[in-house]
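Spelled out, the chains give:
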Amino acid sequence: MIFRLSLSVFALFFQYTGTSEILRPRGVALSKASLYVPDKDFTCFDGSLTIPFAYVNDDYCDCEDGSDEPGTPACPNGTFHCTNAGHKPQNIPSSRVNDGICDCCDTSDEYESHANCVNNCNDLGKAARMEAQKLAEVAKIGSEMRAALSRKGKQLRQEKQERLVQLEKDKEEAESLKKEKEALKLAAEELENKALEKYRQQEEEEKKVKQEEEQKAREQEAFEHFHRLDANQDGKLQKSEIQTQQTFDQNKDGVVSDDEVTLFFDTQQEMDWDEFLATGWPRMRPLLLMNSGMFKPPTAESPDSSDTHEEIETLSQGSAEELPLDANEEDETRNTDDEEDDDGDDEANKNPEHELYEHDGDAIDEDSAALDEEHEGKSEDSPKYDEDTQRLVDEATRARSEFEEADRNLRDVQREIKQLQESMEKDYGEEDEFAPLDGECFEFTDSEYVYKLCPFDHATQRSKSGGSETRLGQWNQWSGPEENKYKSMLYDRGQSCWNGPQRSALVKLICGTENSIRSVSEPNRCEYVFEFVTPSICQLSEHHAHAHEEL
Ligand code: MAN
């Protein structure tokens, strides 16, 4: 109490300020001066206690809310107010009072310390006012620009609206045109189908005949070989008869071994004609053909040769190169054309697989194109269809392509409608002032990355040393504080971070006279913060709010 009384000297806890003649205890803001009345007891702001006024600023904390010690460091939660005449007033935690560090530019926080504080409020105030003036100018120009952007945004909305009306009409037309073309296509296709029916039947019959002929030829070929191999002409093939044929010496050891023969015979010792035709010949044939250079790569029209290829693969298991061509054993089926095609033994001995793949893509395409043409009767030499049928086919083809075009056209219109509707649903600000930003992109380069922001769309990051873009996020929503949600934008659902969250970017908007990214940082891993300068956020009222701040 003695301590208290020694400090309760009027002059110690009252001060004059340069801006006001109103007396108030040290560390009290002008707005709260009326709560400290020297000839009345003081009640803590929280109402918890009433104390004699002499206890105010007596360097002893009585009130839990610190309100009795605005000018001393006695209360841990107190606040000290510096008037900072000439600059801006400031509230600091009262623990900083007399701590030897100058916090207030008017030196008022260090009234009983050895800190040599110098009052520089006038200088700071001047600089701050100049800065504020600059900002005010920017805000003024920016807000005029904002008004223009808003007009543009509204105009864009209007244009979109009009375009949408037009597109809805186009859609109706496109739908009915599609229906019309579909009906025409169906009708033309029905006629085409009918006309083609007879050709289909004819084709089927020709195919059947061809297959029968081929089957016969195969049997004839098999029979000739059977006959040739059946050395003793007993109507059966014995293993020993096959073993005299060097063609079957697959490993070129000079002997046709038991194993090499078993390939054709399985567990049997001999084969009659029927067995030979059913199992022996299909296994033997590819080997004989290959050794005679008769093997040809399969084509669409020669399924047999594709069978042959498979058979050879199975038989030789990729060792066809090792198979010798025995000139004496040359197959009778070899024809002169093939002989001319051969470049000699080397060529004939080629691995059929290699031969197969030596065809380059173009050659195969040309071949199949030629076949297709022939198949569809388009070959100039031999028109496949009679004139009437060809006319119906042509008409159906045209009807199909007109239908497809109508369908494509409708889909294009639908797509544009969808895009427009999505765009019109976006929140471009109270006055559509952000609308002109949609469709634009802005870049910012720091020491490591190039960042890109396409407002209302997405944000990306790309390493300066190359590589692909990393998606930082897609436009989600405005994310500013309640009083002005347009102060920041959220882009999220970006690429996932390794062992971390999906990337996201918060874009803080700052008033300025041009659109640009001022900075990009990554305060938390894979969470990015962009500072984006734009006139669209400029508002005069903000500046006025500053001007009314209490001194
Ligand atoms: C990349 C960049 C960085 C990010 C790491 C996370 O290097 O996208 O910004 O922090 O990945 O692994």
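Conventions adopted
- Residues numbered from 1 in each chain as written.
- Predicted model: local features only at pLDDT ≥ 70, side-chain atom pairs only at ≥ 80, totals over all residues.
- Heavy atoms only, no water.
- Disulfide = S-S within 2.5 Å.
- Helix = DSSP H or I, 4+ residues; strand = E, 2+ residues; numbered from the N terminus.
- Buried < 20%, exposed > 50% of the residue type's maximum accessible area, 1.4 Å probe, protein only.
- pLDDT = per-residue confidence, 0-100.
- Contact = heavy atoms within 4.5 Å.
- Pairing = 2+ DSSP bridges.
- Patch = residues over 30% accessible without salt bridge, like charges linked within 9 Å, V, L, I, M, F, W, Y side chains within 5 Å.
- Areas by Shrake-Rupley, 256 points an atom, 1.4 Å probe, with all protein chains shown as cover.
- Salt bridge = Lys/Arg side-chain N within 4 Å of Asp/Glu carboxyl O.
- Lys, Arg positive; Asp, Glu negative; His and termini not counted.
- Charge placed at Lys NZ, Arg CZ, Asp CG, Glu CD.
- Arc of directions from axis to C-beta.
- Near = heavy atom within 4 Å.
- Polar contact = N/O pair within 3.5 Å; in protein donor to acceptor, adjacent residues only side chain to side chain.
- Nonpolar A, V, L, I, M, F, W, Y, C, P; charged D, E, K, R; others polar.
- Axes fitted to C-alpha atoms, helices over the stretch in contact; angles between N-to-C directions.
- Parallel < 35°, antiparallel > 145°, perpendicular 65-115°, else oblique.
- Left-handed = near helix turned anticlockwise from the far one by under 90°.
- Phe/Tyr/Trp six-rings, centres within 6.5 Å; stacked < 30°, edge-to-face > 60°.

(A) Summary view of the state of the cysteines. All told, the structure shown has 8 disulfides when counted by the stated rule. Disulfide pairing places C82 opposite C104 at an S-S distance of 1.9 Å. In this structure the cystine formed by C82 and C104 twists about its S-S bond by roughly -55°; its chirality is therefore left-handed. Of this pair, C82 sits in strand β5 (residues 79–82) while C104 sits in the loop between β6 (90–93) and α3 (121–229), and the two are 22 residues apart along the sequence. Using a relative accessible area of 0% as the deciding quantity, one classes C82 as buried. Judged by relative accessible area, C104 falls into the buried class, the value being 3%. Across the disulfide, C441 is cross-linked to C454 (sulfur-sulfur distance 2.0 Å). Because the torsion about its S-S bond is 110°, the bridge between C441 and C454 counts as right-handed.

(B) Looking closely at the confidence of the model for the chain. Here the chain averages 83 in pLDDT, while 78% of its residues score no lower than 70. A low-confidence stretch, residues 16–20 (pLDDT under 50), is modelled with 7 contacts involving residues beyond four sequence positions or located in other chains. Every residue in residues 300–379 scores below 50 in pLDDT, and together they form 108 contacts with partners more than four places removed in sequence or on other chains.

(C) A look at the pairing of strand β10 (residues 449–454). Pairing between strand β9 (residues 442–445) and β10: 4 bridges, direction antiparallel. Note on β10: the bridge partner recorded for F444 is Y451. Counting the residues in the hairpin turn of β9 and β10 gives 3 residues. By the bridge criterion, 6 bridges tie β10 to strand β11 (residues 458–463) in an arrangement that is antiparallel. Opposite Y451, over in β11, you have Q461 as the bridge partner. Hairpin connection, β10 to β11: the antiparallel pair is bridged by 3 residues, and F456 has positive phi, about 65°.

(D) How the structure looks around a negative patch on the surface. A cluster of acidic residues, E168, E172, E173 and E175, forms a negative patch at the surface. Among the secondary structure elements, E168 is positioned in helix α3.

(E) Region of interest: helix α5 (residues 258–265). Within α5, burial applies to E260, V261, F264 and F265. Viewed along the axis of α5, the buried residues span an arc of 135°, placing them on a single side of the element. Those residues of α5 that are buried lie in contact with β7 (236–238), α4 (239–243), β8 (270–272) and α6 (273–291). Just past α5, the residue D266 takes up positive phi, approximately 55°.

(F) Examining the site of the ligand more closely. Lining the immediate environment of the ligand, one finds Y449, Q461, C497, R503, E522, R525, C526 and Y528. One of the side-chain N or O atoms of Q461 is found 2.7 Å from an oxygen atom in the ligand. Within the side chain of Y528, a nitrogen or oxygen atom sits 2.7 Å from an oxygen atom of the ligand. Surface burial for the ligand is 68%, taken as the share of its 310 Å² of free accessible area covered by protein chains. In terms of residue class, the shell around the ligand is made up of 4 nonpolar, 1 polar and 3 charged.

(G) Representation of unusual backbone geometry within the structure. The phi dihedral of N84 is positive, around 50°, even though this residue is not glycine. Tracing the backbone shows N84 in the loop between β5 and β6. Looking at N84, the relative accessible area reads 1%, which means it is buried. Backbone geometry at T107 places phi at a positive 70°, although glycine is not the residue there. Relative to the helices and strands, T107 resides in the loop between β6 and α3.

(H) Seen up close, the packing of α3 against helix α12 (residues 387–425). Where α3 meets α12, the closest approach of the two axes is 6 Å, and the angle between their N-to-C directions is 160°. In terms of orientation, α3 and α12 fall into the roughly antiparallel class. Read as a crossing pair, α3 and α12 show a hand that is left-handed. Grouping the constituent residues of the contact of α3 with α12 by class yields 21 nonpolar, 6 polar and 19 charged.

(I) A look at the packing of aromatic side chains. Tallied over the full model, the rule gives 22 aromatic pairs. Measuring from centroid to centroid gives 4.8 Å for Y199 and Y385, while their planes differ by 80°, and the two rings are edge-to-face. You can see Y199 sitting in helix α3 and its partner Y385 sitting in the loop between α11 (361–376) and α12, a full 186 residues away along the chain. A centroid spacing of 5.3 Å and a plane angle of 50° characterise the contact between F226 and F276, whose relative ring orientation is tilted. Of this pair, F226 sits in helix α3 while F276 sits in helix α6; the two residues are 50 residues apart in sequence, bridging distant segments of the chain. Accessibility classification places F226 together with F276 in one group, the buried group.

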